[in-house]
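Remarks on the overall topology
What follows is each chain in one-letter form.
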Amino acid sequence: MREVRTDPDILVRAVIDGINRYVREVLTPRSPQLADLWDGPQSQDLDELKHQVARSVAKQWAMSYMIDNA
């Protein structure tokens, strides 16, 4: 087993991309009013929450372990 470190900024961007994609492809089609909220004037608050979640996930996954099958 070896330690693997990933740049937290890369993880933050990946999580944000995942959240954006999930909202656009899954949630918005089921709830069209969400599109107005997601892209509207209140979007700054949602954007900050999204970044908080992404930073939290990145902090947890910046260092992990990989098992090499030899």
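Residues numbered from 1 in each chain as written. Predicted model: local features only at pLDDT ≥ 70, side-chain atom pairs only at ≥ 80, totals over all residues. Heavy atoms only, no water.

1. Here we look at the overall build of the protein
What counts, and what does not: Counting from the N terminus, the helices are the DSSP runs of H or I reaching at least four residues and the strands are the DSSP runs of E reaching at least two. Values of the radius of gyration come from C-alpha atoms, whereas the globule rule sets the reference at 2.2 Å times the count of residues to the power 0.38.
For the protein, the helix and strand inventory stands at 3 helices and 2 strands. Helices (α) and strands (β) of the protein occur, in sequence order from the N terminus, as β-α-α-α-β. Relative to the 2.2 N^0.38 estimate, which gives 11 Å for 70 residues, the radius of gyration of the protein is 16 Å and therefore markedly larger than a compact globule would have. Dimensions of the protein along its principal axes, counting C-alpha atoms only, are 50 × 20 × 15 Å.

2. Brief notes about the confidence of the model for the protein
To keep things clear, this is the line we draw: In predicted models, pLDDT denotes the confidence assigned by the predictor to each residue on a 0 to 100 scale.
Looking at the protein as a whole, the pLDDT averages 90, with 99% of positions reaching at least 70. No element of the protein has a lower mean pLDDT than helix α2 (residues 33-39), which averages 85, and none a higher one than helix α1 (residues 8-30), which averages 95.

3. Here's the deal with the side chain of N20
Definition in use: Any pair of N or O atoms that falls within 3.5 Å is considered a polar contact. Within protein, one atom must be able to donate a hydrogen and the other to accept it, and sequence-neighbouring residues count only if both atoms are side-chain atoms.
Turning to its location among the elements, N20 is positioned in helix α1. In terms of polar contacts, N20 uses its side chain to reach the side chain of K50, at 2.7 Å.

4. Quick word on helix α3 (residues 43-61)
Note the following rule: The span one expects for a helix is its residue count, reduced by one, times 1.5 Å. Contacts are residue-level and defined by heavy atoms, with any inter-residue pair within 4.5 Å sufficient.
Compared with the 27 Å implied by 1.5 Å per residue over 19 residues, the 27 Å span of α3 between its first and last C-alpha is a close match. Lining the buried residues of α3 we find α1 and α2.

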